[in-house]
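Coordinate analysis (summary)
The lines below spell out each chain.
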4 protein chains.
Amino acid sequence: MTAQTQDDAPLVVAGRSFNSRLIIGTGKYKTYEQNARALEASGADMITVAVRRVNLSDPSQPRLVDFIDPKDYTFLPNTAGCFTGEDAVRTLRLAREAGGWDLVKLEVLSDPKHLYPDMAETLRATEMLVKEGFEVMVYCSDDPVYAKRLEEAGACAIMPLGAPIGSGLGIQNPVNIRLIIEDAKVPVIVDAGVGTASDAAVGMELGCDGILMNTAIAEAKDPIRMAKAMKHAVIAGRDAYLAGRMPKKRYADPSSPLAGLI
Amino acid sequence: MTAQTQDDAPLVVAGRSFNSRLIIGTGKYKTYEQNARALEASGADMITVAVRRVNLSDPSQPRLVDFIDPKDYTFLPNTAGCFTGEDAVRTLRLAREAGGWDLVKLEVLSDPKHLYPDMAETLRATEMLVKEGFEVMVYCSDDPVYAKRLEEAGACAIMPLGAPIGSGLGIQNPVNIRLIIEDAKVPVIVDAGVGTASDAAVGMELGCDGILMNTAIAEAKDPIRMAKAMKHAVIAGRDAYLAGRMPKKRYADPSSPLAGLI
Amino acid sequence: MTAQTQDDAPLVVAGRSFNSRLIIGTGKYKTYEQNARALEASGADMITVAVRRVNLSDPSQPRLVDFIDPKDYTFLPNTAGCFTGEDAVRTLRLAREAGGWDLVKLEVLSDPKHLYPDMAETLRATEMLVKEGFEVMVYCSDDPVYAKRLEEAGACAIMPLGAPIGSGLGIQNPVNIRLIIEDAKVPVIVDAGVGTASDAAVGMELGCDGILMNTAIAEAKDPIRMAKAMKHAVIAGRDAYLAGRMPKKRYADPSSPLAGLI
Amino acid sequence: MTAQTQDDAPLVVAGRSFNSRLIIGTGKYKTYEQNARALEASGADMITVAVRRVNLSDPSQPRLVDFIDPKDYTFLPNTAGCFTGEDAVRTLRLAREAGGWDLVKLEVLSDPKHLYPDMAETLRATEMLVKEGFEVMVYCSDDPVYAKRLEEAGACAIMPLGAPIGSGLGIQNPVNIRLIIEDAKVPVIVDAGVGTASDAAVGMELGCDGILMNTAIAEAKDPIRMAKAMKHAVIAGRDAYLAGRMPKKRYADPSSPLAGLI
């Protein structure tokens, strides 16, 4: 085939390449085994792990690492459940000690009702973590001003929410996501809010570099099949973005010219 | 894997099985060669051909069949440019004589401005064609009452428009598409209106059995890549439908339980 | 004020002028008295009445006309519950005998699940009624082809549904409503589907000549206040349509020029 | 009428009552006279004025106050064009000296491309202004976390943007606006993004206490008529919110019971 249809470049975050632009989570699955099968079906290279909740090291209990091998996948420790910068730093230091992980996902939450990030504290925590040598992917609001600040503070990826965590409402504000993408020099990855395959495709069509999701897969009736759906949705949205969609038209435009036929 | 994640059943139309749930067209491509490459990238088994416009038989001119082999793909002759039932019947008789094709797509148009079907004439033409032994897939409005009538008249697939032909506006009325699907005993295939990958996924998530599109691929900046996007979008939407999406929630629902952490 | 801000022309249907572009119904109210108060709050001049259900003439039972005086309001008899043209004609003959009403609203339904009109039968019934001298406002699907047919058959107003009757989903397909309006020479009145005030405004902003609604008012928690909301919504949407809205822009455009300030 | 339909309470901001829930601006009008006529048509009590741009005091030039009398309307000085807290404070001190105004609207912008507020600086400026005794209404992002912070810092009204200033795109993220409203103890007024009447109605239906707009009126083809449309739209949305809308239904629900008729 020709140049224009060659393969897409990989997703590069903090100098590391990933074949898949989908990142999945480890919450809400019935078992670690189901989680492992969903991961496989999703085609993701990267999986995010709530350090404060997931058993990474106690061998007397079922451990995630017995089902998903950190040699095969990039583990992305996250700070779910942290409400201050200090909490987040402490949590990620533990993760680094436990598994050597320094590519991390920061989330500093505010109110449990909406689980939105506290952006002032998130920015402060980003600065703290960057200073300690972490590569920080940052869960954030869809405020383009803060997205730029995070990048300036050294975030290696900007991860705006599409909708409240676990809501499945789809991307609420494509205008903001687009503004963030247009200004970003690091990858933009929608994190939170995807409910079904078309939501993921929409995000990629906006020009996002990737999508992170958890509930949409884990709480589908058939999580394994939904993981497969999401693999295809992210590829579909990415290819549609790269292909350049047709313009929308107010009226019909015949596939088969009508001239001479009418 | 387990039963719940086994492969999807094929699309069956008029007793014939198709691996792909995507059908593409032959209008607006720059060349037959580009059309052929898009078809290959799309993974479609079926391609619809405007009998009155596409050169099927004159060997002195470039012929579609020199690029796309009717032995490898199901050709679906259509009646683009027909405005009466008699026109449509005459056109499809020619197609049957030329290629032996009796699985056909009927469209009986009204006003060139919107290219909507004339439903009364479409129903009459369906009856005429069924009587002549054709297997008739029918382009129609999204009116659930007429969709049912077409089925009762013997249509082997109902093909409601999602938006005006060539508009790329996406599915305008999911309520009607859903009503048609809930009542149909034959496959429902959205025909017309898809503009990008997520539009196709949305259609499949509603429960459609397939999608037919032309302009969204042919008028993308890179038609071959868009064809690939659409292949994945249809799979993604189908799998998401089969997987059963998570419910939407008004508020956040943490992936990682906050109990004990706050 | 100047010419451009002069009062809107009245709605004219079948040669009669109406000050209000809102038409309300008589179903689902708790009492005829509540219905009467909602009518007053709505500012409507016209009220539609299901001839087969509403007591118009039996003086031993509560009668609508004891609460709403046909001398003050235009009664618009409708054929709710009719499934054939003959049914509809018979019903409206009764109405004409009872009250002398010859401006009528035709609805010929199909399936109780969606209460969509049977368009073939609706067209036939329109022709029958026009022949008998009725002025026929016609509830119809949003199919632009049939809308034109109804006009050609003599309908004095085209009344496309915005969504299923009683669903409150809002106008599902603005593309179709717009196509109908662009082609119509008689008033286009959205009938069915409005759920709240903004839905009515959206309809008027599309260029509709009026809105008919019942459930949105009758099933609001406070029907009288909702009737008032709808009065304002229809005026708002009409004025916005006449005023000509600003274009949408992808980026910000400062109200206060930034030049010299930054 | 009964208690349930009594008049709405007035909008109260910083202890002052306003009959209208619409606030309009002073940018982009062709003349001060047109601005004055739009104000009158809009029914607004409050008008916001960019202190750095509008001539309030130089008697050798046309002055806004010669067309709109500060005794008849509440002037709301704003800090359009300010990019730091210090700028904003300086600007509003001038306004206080010029007209005695201490009810003010703060906006601290970031990037001219989207004119989004810089929320960290906005919060700091709010604190500075509150300390100086101003009553501060604050233009802000739709981030519920910052909205709460502003309230805690003493803002007398929270004014989240619906979409970029001057874009006319309508409210992009109703989820966030709703979250802000549910948590707020001071009025929430959507500021920026409204393009037409239904957009304003949608904002009020979400439960906003008011709407501020400028471009939607000033850049309509007929600003005076659009001002009137907005007056009605805000009333319509408010009444619909107070009335309590009907629930949405997936299927039809007949206005006229079909029992006994079919």
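Everything that follows concerns the structure shown earlier in this document.
Residues numbered from 1 in each chain as written. Chains lettered and ligands numbered in written order. Predicted model: local features only at pLDDT ≥ 70, side-chain atom pairs only at ≥ 80, totals over all residues. Heavy atoms only, no water.

1. Here's the deal with the relation of the copies chain A and chain B
What counts here: What sets the superposition is a least-squares fit of C-alpha atoms, and only residues with pLDDT of at least 70 in both copies go into it. Contacts between residues were defined by any pair of non-hydrogen atoms, one from each residue, lying within 4.5 Å.
Mapping chain A onto chain B calls for a rotation angle of 180 degrees and an axial translation of 0.0 Å; the resulting RMSD is 0.0 Å. With respect to symmetry, the two chain copies, as superposed, fit the operation of a two-fold axis. Interface overlap between copies: 100% of the residues of chain A at the interface are likewise at the interface in chain B, consistent with a symmetric, same-surface contact.

2. Some words on unusual backbone geometry
Applicable threshold: Strands are runs of DSSP state E lasting at least two residues, helices are runs of H or I lasting at least four, and both sets are numbered from the N terminus onward.
The backbone phi angle of Lys28 of chain B is positive, close to 75 degrees, even though this residue is not glycine. Looking at the secondary structure, you find Lys28 of chain B in the loop between strand 3 (22-24) and helix 1 (32-42). Unusually for a residue other than glycine, Leu115 of chain D sits at a positive phi of about 55 degrees. Assignment of secondary structure puts Leu115 of chain D in the loop between strand 6 (103-106) and helix 3 (119-131).

3. Overview of the interface of chain C and chain D
The cut-off we apply is this: Computed with a 1.4 Å rolling probe, the buried area is the accessible surface lost when two parts are put together, summed over both parts. By definition, a salt bridge exists where a carboxyl oxygen of Asp or Glu is found within 4 Å of a side-chain nitrogen of Lys or Arg. Pairs of N or O atoms are called polar contacts if they sit within 3.5 Å, as long as, within protein, a hydrogen donor faces a hydrogen acceptor (for residues adjacent in sequence, only side-chain-to-side-chain pairs).
Contact residues are listed per partner, giving 73 residues for chain C and 73 residues for chain D. Carbon and sulfur atoms make up 59% of the surface buried where chain C meets chain D, a total of about 6,200 Å² over both sides. Two residues, Lys249 of chain D and Glu219 of chain C, come together in a salt bridge whose shortest N-O distance is 2.8 Å. Inspection of the region where chain C meets chain D yields 23 residue pairs in polar contact (both at pLDDT 80 or more). Going through the elements one at a time, helix 1 (32-42), helix 6 (197-205), helix 7 (215-218) and helix 8 (223-243) of chain C are the ones with two or more residues in the side of chain C that touches chain D. With 13 residues, helix 8 of chain C is the largest single contributor of residues to the side of chain C that touches chain D.

4. Re the environment of Val145 of chain C
If you trace the backbone, Val145 of chain C turns up in helix 4 (residues 144-152). Counting along the chain gives 96 residues from Val145 of chain C to Tyr241 of chain C, while the straight-line C-alpha distance between them is 24 Å. If near-sequence neighbours (up to four positions away) are discounted, Val145 of chain C is found in contact with Ser110, His114, Tyr116, Pro117 and Asp118 of chain B.

5. Here's the deal with the interface of chain A and chain B
Which entries qualify depends on this criterion: In this classification, Asp, Glu, Lys and Arg are treated as charged, Ala, Val, Leu, Ile, Met, Phe, Trp, Tyr, Cys and Pro as nonpolar, and every other residue, Gly included, as polar.
Listed as interface residues are 73 residues of chain A and, on the opposing side, 73 residues of chain B. Interface of chain A and chain B: buried area, both sides summed, is about 6,200 Å²; carbon and sulfur atoms make up 59% of it. Here Asp239 of chain B ties to Lys228 of chain A by a salt bridge, and the two come within 2.4 Å at their closest N and O atoms. At the boundary of chain A and chain B, one finds 23 residue pairs in polar contact (both at pLDDT 80 or more). Of all the secondary-structure elements, those providing two or more residues to the side of chain A that touches chain B are helix 1 (32-42), helix 6 (197-205), helix 7 (215-218) and helix 8 (223-243) of chain A. In terms of residue count, the dominant contributor to the side of chain A that touches chain B is helix 8 of chain A (13 residues). Taken together, the residues of the side of chain A that touches chain B break down into 34 nonpolar, 19 polar and 20 charged.

6. With respect to the packing of helix 6 (residues 197-205) of chain D against helix 8 (residues 223-243) of chain D
Residue and element names in this part refer to chain D. Note the threshold: Only C-alpha atoms enter the line fits that serve as axes; for helices the fit covers just the stretch in contact. Angles between N-to-C directions range over 0 to 180 degrees. For classification purposes, an angle smaller than 35 degrees is called roughly parallel, one larger than 145 roughly antiparallel, one from 65 to 115 roughly perpendicular, and anything else oblique. Handedness of a crossing is defined here by the sense of rotation of the near helix relative to the far one, left-handed for an anticlockwise turn of less than a right angle and right-handed for a clockwise turn.
Put simply, helix 6 and helix 8 touch, their axes get as near as 7 Å, and they point 30 degrees apart. Taken together, the axis directions place helix 6 and helix 8 in an arrangement best described as roughly parallel. Every pair of crossing elements has a handedness; the one defined by helix 6 and helix 8 is right-handed. On the side of helix 6, the interface is formed by Ala197, Ala200, Ala201, Met204 and Glu205, while helix 8 contributes Ala229, Met230, Ala233, Val234, Gly237, Arg238, Ala240 and Tyr241. In the contact of helix 6 with helix 8, the residues fall into ten nonpolar, one polar and two charged.

7. Brief notes about the relation of the copies chain C and chain D
Both copies of the chain are placed relative to one another by a rotation about an axis and a shift along it. Here chain C sits on chain D after a turn of 180 degrees about the axis and a move of 0.0 Å along it, with an RMSD of 0.0 Å. In this assembly, 100% of the residues forming the interface of chain C have copies in chain D that are likewise at the interface, indicating an isologous arrangement.

8. Things to note about the pattern of salt bridges
Pairs may arise between side chains of opposite charge once their charged atoms sit close together. Quick note on the threshold: Relative accessibility decides the category of a residue: with a 1.4 Å probe and only protein chains considered, values under 20% of the type maximum give buried, values over 50% give exposed, and everything between is partly exposed.
Following the criterion strictly, the structure yields 87 salt bridges over all chains and no others. Arg149 of chain D is paired through a salt bridge with Asp118 of chain A; the nearest N and O atoms lie 2.9 Å apart. Note that Arg149 of chain D is positioned in helix 4 (residues 144-152) and Asp118 of chain A in the loop between strand 6 (103-106) and helix 3 (119-131), a pairing that runs across two chains. Owing to a relative accessible area of 10%, Asp118 of chain A belongs among the buried residues under this scheme. A salt bridge links Arg52 of chain D to Asp87 of chain D; the nearest nitrogen and oxygen atoms lie 3.7 Å apart. Highlighted residues: Arg52 of chain D in the loop between strand 4 (46-50) and strand 5 (74-78) and Asp87 of chain D in helix 2 (residues 85-99), separated in sequence by 35 residues. Classification of Arg52 of chain D as partly exposed rests on a relative accessible area of 33%. Through salt bridges that share partners, Lys113 of chain A, Arg250 of chain B together with Arg178, Glu182 and Asp183 of chain D make up one connected network.

9. Comments concerning the side chain of Glu205 of chain B
Selection criterion: Neither His nor the chain termini are counted; the positive set is Lys and Arg, and the negative set is Asp and Glu.
When you line up the elements, Glu205 of chain B lands in helix 6 (residues 197-205). Look at Glu205 of chain B: it is buried, it has no salt bridge, and the nearest opposite charge is Arg245 of chain B at 6.2 Å. Within polar-contact distance, the side chain of Glu205 of chain B engages the side chain of Ser198 of chain A at 2.6 Å. Excluding residues within four positions of it along the chain, Glu205 of chain B makes contact with Thr196, Ala197 and Ser198 of chain A together with Gly237, Ala240 and Tyr241 of chain B.

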